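# Fold and geometry: a report
So the chains spell out like this:
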Amino acid sequence: MDNPLRYQASSDSATRSAPPMKSGTWKDFIHITKPGILRTNLIAVFGGFWLASQWDVNYGKMLLTLLGTVLIMASSCVFNNYFDRELDLKMERTRNRSLPTGRLTPKVVLSYAIILGVIGLSVLFSFSGVLAGLCGIFGMFVYVIMYTLWLKRSSTWSTSIGGLSGAMPPVIGYVAVTGRMDLGAWLLLAMLFLWQPPHFWALAIRRVEDYRAGGFPLLPVVKGIERTKIQMVPYLVLQIFVPVLMYAYGYAGIFYLTVSLILSVLWLYYALKGFRAQNTDAWAKKVFLYSINYLSLSFILMILDTVHK
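Residues numbered from 1 in each chain as written. Predicted model: local features only at pLDDT ≥ 70, side-chain atom pairs only at ≥ 80, totals over all residues. Heavy atoms only, no water.

### What to know about the overall build of the protein
Rules: Secondary structure elements are taken from DSSP: a helix is a run of H or I of four residues or more, a strand is a run of E of two residues or more, and numbering for both begins at the N terminus. The atom set for the radius of gyration is the C-alpha atoms, and the globule formula is 2.2 Å times the number of residues raised to the power 0.38. With a 1.4 Å probe rolled over the protein chains alone, any residue whose accessible area is under 20% of its type maximum counts as buried; one over 50% counts as exposed, and the rest are partly exposed. Only heavy atoms enter the contact rule, under which two residues are in contact if any of them lie within 4.5 Å. Surface exposure here means Shrake-Rupley accessible area, sampled with a 1.4 Å probe, where a residue is shielded only by the protein chains that are shown. When charges are counted, Lys and Arg are positive and Asp and Glu negative, with His and the chain ends excluded. Charge positions come from single atoms, namely NZ of Lys, CZ of Arg, CG of Asp or CD of Glu.
Assigned secondary structure in the protein consists of 17 helices and zero strands. Taking 309 residues into account, the globule formula puts the C-alpha radius of gyration at 19 Å, and the protein, at 20 Å, falls close to it. Overall, the protein is about 60 × 50 × 30 Å in size when its C-alpha atoms are taken along their principal axes. Out of the 309 residues belonging to the protein, those deemed buried represent 52%. A sequence separation of at least 24 residues applies to 75% of the contacts in the protein between residues at least 6 apart. When the accessible surface of the protein is totalled, it reaches about 14200 Å², and 66% of it is carbon and sulfur. Between the averaged position of the 28 positive side-chain charges in the protein and that of its 14 negative side-chain charges there is a distance of 2 Å.

### Some details on unusual backbone geometry
One non-glycine residue with positive phi stands out, namely K34, at about 55 degrees. If you trace the backbone, K34 turns up in the loop between α2 (26-31) and α3 (35-53). Non-glycine residue Q54 carries a positive phi angle of around 55 degrees. Tracing the sequence through the fold places Q54 in the loop between α3 and α4 (59-83). The exposure class of Q54 is partly exposed, given its relative accessible area of 25%.

### A few points about the pattern of salt bridges
It is possible for side chains bearing opposite charge to pair when their charged atoms get close. The test is simple: One side-chain nitrogen of Lys or Arg within 4 Å of one carboxyl oxygen of Asp or Glu is enough to make a salt bridge.
Summed over the entire model, instances satisfying the criterion amount to seven salt bridges. The closest approach of N and O atoms between D28 and R103, which form a salt bridge, is 2.8 Å. One end of the pair, D28, is in helix α2; the other, R103, is in the loop between α6 (98-101) and α7 (106-128), and 75 residues separate them in sequence. Among the salt bridges present, the one from K152 reaches D84, with a minimum N-O distance of 2.5 Å. With K152 in helix α8 (residues 130-154) and D84 in the loop between α4 and α5 (85-88), this residue pair connects regions lying 68 residues apart in the sequence. Across the pair, exposure class does not vary: K152 and D84 are buried alike. Taken together, the shared-partner salt bridges in this structure form one network comprising D84, K152 and R153.

### What to know about the packing of aromatic side chains
So the rule is basically this: Between the rings of Phe, Tyr and Trp (Trp by its six-membered ring), a pair exists once the centres lie within 6.5 Å; its type follows the angle of the planes, with under 30 degrees stacked, over 60 edge-to-face, and the other angles tilted.
For the structure shown, the criterion picks out 13 aromatic pairs. Seen from their ring centres, F29 and Y112 are 5.2 Å apart, and the 85 degrees between their planes marks the pair as edge-to-face. With F29 in helix α2 and Y112 in helix α7, the pair connects residues that are 83 residues apart, well separated along the chain. The exposure class of F29 is partly exposed, given its relative accessible area of 28%. Ring geometry for Y143 and Y147: centres 5.5 Å apart, planes at 20 degrees, overall stacked. Separated by four residues within a single helix, Y143 and Y147 lie in helix α8, roughly one turn from each other.

### Comments concerning the nonpolar core
Note the threshold: Here, nonpolar core refers to any group of buried Ala, Val, Leu, Ile, Met, Phe, Trp, Tyr and Cys residues whose side-chain atoms link them within 4.5 Å.
Counting residues in hydrophobic clusters, the biggest one holds 87 residues, and the most contacted among them are Y174, Y211, M246 and F299. With 14 residues, the top contributor of residues to this core is helix α11 (residues 183-206). Not counting residues within four places of it along the chain, the set of residues in contact with F299 comprises I43, A44, G47, P170, L188, M191 and L192.

### Overview of the confidence of the model for the protein
Heads up, the rule is: Note: pLDDT gives the predictor's confidence per residue, expressed from 0 to 100.
For the protein, mean pLDDT is 90; residues scoring 70 or higher make up 93% of the total. Across the protein, element-level confidence peaks in helix α10 (residues 168-178) with a mean pLDDT of 98 and bottoms out in helix α1 (residues 11-14) with 40. Below a pLDDT of 50 lies the segment residues 1-19, which in the model reaches 35 contacts outside its immediate sequence neighbourhood of four places, other chains included.

### A look at a nonpolar patch on the surface
Put simply, the test is: A residue counts toward a patch only above 30% relative accessible area and without a salt bridge, and it is joined to like-charged neighbours within 9 Å or, for Val, Leu, Ile, Met, Phe, Trp and Tyr, to nonpolar neighbours within 5 Å.
On the surface, a nonpolar cluster with roughly 680 Å² of combined accessible area is contributed by L183, W186, V237, L238, F241, L245 and Y249. Contributing elements (two or more residues each) for the nonpolar patch: α11, α14 (225-239) and α15 (241-248). Considering the arrangement of structural elements, one finds V237 in helix α14. Under the relative-accessibility criterion, V237 is labelled partly exposed at 33%.

### Points about the environment of P100
As for its placement among the helices and strands, P100 is situated in helix α6. Along the primary structure P100 and L203 are separated by 103 residues, whereas in three dimensions their C-alpha atoms are 22 Å apart.

### Focus: the environment of T178
The criterion, for reference: Polar contacts, as counted here, are pairs of nitrogen or oxygen atoms within 3.5 Å of one another; within protein the pair requires one atom able to donate a hydrogen and one able to accept it, and residues that are adjacent in sequence qualify only if both atoms are side-chain atoms.
Looking at where T178 falls in the secondary structure, it is placed in helix α10. Owing to a relative accessible area of 21%, T178 belongs among the partly exposed residues under this scheme. Sequence spacing of T178 and S53 is 125 residues, and the spatial spacing of their C-alpha atoms is 8.1 Å. At 3.0 Å, the side chain of T178 forms a polar contact with the backbone oxygen of R180.

In structure tokens, the structure reads:
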């Protein structure tokens, strides 16, 4: 039977003090929105909007949808920083963030998160449609409440269920055009939902001791690295069917199908190589970087080869 305390932080980690306090700057307000995540997901929002538009694009509505979505994503990330501020002290990777160091105060960060969320949802409901706004609320709820406050602290299912939040950006873009959840929206949701666990688990394998110190019960911390490698495989196998269905149902063309299939099979191939990898850290880094490039390339290919009306 697994020791239920095996993933908890050590007493030394738990008693680490915050780094020396410094005054905050405007850069701190940018950093706590996690701009790397925002950039990647903006491509996804654009891709969803473009796919639904089929080259007949309302650029004004598209820009407002991008704005509303990036604001609610930024809000969710700021809420994440707010609620994780004490846990962030226990991890080398996060202990120099703005809240743990005291450069920004919890009150300021909480207010910032609320303001970003209210403005973002107002933009979506006003200009992108009710369904787009509801998808935004759903994404925020899953990320902030279900993932950050509950599952991230209690279950290895945090990565999989939290993936529903990360799958919302392209869906928001899509339904802003169509006003409905049709097959195209579900395929976009599947694409992002299946992408996230193997992407994040590759990072978690590299940072497993850091997450153990932070007390996060992630899959590689609780079940081990080999079990995590096994669990990555079903997601990557299912991911192969997404471009096939995108092509079969007339959303994208043969160019997208061909290249995306190759990219999907290569990702599975690199993941399977992990079972024989002598250097697990190097393997995990390669898979993690590949997953980032995979997502960006997949959306670029989909945009370029979207079927015309």
